[in-house]
Amino acid sequence: MYTLQSTRRATSPKICRDFVACVLNSVGHEDLVETATACTSELATNAYLHAEGDSLMLRVMIEQLRLRISVYDASSELPTGVCLPAGDRMYGRGLGVVAALADEWGTADGDPAGMYAKGVWFELRTRGGSGERA
């Protein structure tokens with residue numbers, strides 16, 4: 001598992017994207033970088049725009065058949081608005097993008113230390129460490 005704690009600022013989504021890309025490139029999952037960074041960016045942006053507290057936590061778990069990325073924040077409010085909105089609204093597309101790109105997504109309880117109230121995660125399937133999408 002790889003973990004990054006970041007301040008909750010406008011730069012958080014880029015820092016989280018870069019961290020995910022670095023981890024995946026380092027462990028031979030280059031094929032997942034584009035999708036994983038797009039989904040990570042959406043979750044980190046939601047945490048920046050809608051959450052509470054001064055920080056967020058990013059976790060990258062790589063298992064034999066799946067990759068799970070979670071973004072934790074201090075807000076206990078669960079995300080809503082999974083459908084892509086019609087028209088050119090500036091906001092409201094994040095979870096719709098994640099739902100469209102990821103194999104699965106959902107929410108998790110906060111961390112055991114109590115610093116974060118909830119997590120939002122997504123999963124991408126892998127092929128037994130070979131780097132190919134299922």
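Bear in mind that the values here come from a model prediction, so they are computed numbers and not experimental data.

A. Broad picture of the overall build of the protein. A count of helices and strands for the protein gives 3 helices and 5 strands. Along its sequence from the N terminus, the protein presents helices and strands in the succession β-α-α-β-β-α-β-β. Residue pairs at least 24 apart in sequence account for 61% of intrachain contacts in the protein once pairs closer than 6 positions are excluded. Carbon and sulfur atoms make up 50% of the accessible area of the protein, which totals about 7,200 Å².

B. Representation of the pairing of strand 5 (residues 118-125) within the structure. Judged by how many residues are buried, strand 5 sits mostly within the fold: 7 of 8 residues are covered. Across 8 bridges, strand 3 (residues 66-73) lies against strand 5 in antiparallel orientation. What sits directly across from Tyr72, in strand 5, is Gly119.

C. Region of the structure containing the environment of Val71. Position of Val71 relative to the elements: it lies in strand 3. Residue classification places Val71 among the buried residues on the basis of a relative accessible area of 2%. Each C-alpha atom, one on Val71 and one on Val60, is 9.1 Å from the other, the two residues being 11 residues apart in sequence.

D. Summary view of helix 3 (residues 94-101). Along helix 3, the residues that are buried comprise Gly94, Leu95, Gly96 and Val98. Along its buried surface, helix 3 packs onto helix 2 (33-50), strand 4 (104-109) and strand 5.

E. The arrangement of the packing of aromatic side chains in detail. Here the structure, examined in full by the defined rule, presents 0 aromatic pairs. Here the guanidinium or amino end of Arg68 rests over the ring plane of Trp121, the centre of that ring lying 3.7 Å away.

F. Representation of the side chain of Ser70 within the structure. Looking at the element boundaries, Ser70 is found in strand 3. In this structure, Ser70 is in contact with Met57, Leu58, Arg59, Val120 and Trp121, ignoring residues within four places of it in sequence.

G. Examining the nonpolar core more closely. With 25 residues, the main nonpolar core has Ala36, Leu67, Ile69 and Phe122 as its most contacted residues. Listed by contribution, the elements that provide at least two residues to this core are helix 1 (12-26), helix 2, strand 2 (55-62), strand 3, helix 3 and strand 5. Top contributing element to this core by residue count: helix 2, with 6 residues. If sequence neighbours within four positions are ignored, Leu67 has contacts with Leu24, Leu32, Ala36, Val60, Met61, Ile62, Phe122, Glu123, Leu124 and Thr126.

Conventions used here
- Residues numbered from 1 in each chain as written.
- Predicted model: local features only at pLDDT ≥ 70, side-chain atom pairs only at ≥ 80, totals over all residues.
- Heavy atoms only, no water.
- Helix = DSSP H or I, 4+ residues; strand = E, 2+ residues; numbered from the N terminus.
- Contact = heavy atoms within 4.5 Å.
- Areas by Shrake-Rupley, 256 points an atom, 1.4 Å probe, with all protein chains shown as cover.
- Buried < 20%, exposed > 50% of the residue type's maximum accessible area, 1.4 Å probe, protein only.
- Pairing = 2+ DSSP bridges.
- Phe/Tyr/Trp six-rings, centres within 6.5 Å; stacked < 30°, edge-to-face > 60°.
- Lys NZ or Arg CZ within 6 Å of the ring centre and 35° of its normal.
- Core = buried A, V, L, I, M, F, W, Y, C linked by side-chain atoms within 4.5 Å.

Note that all results are geometric; they support no functional claim without further evidence.
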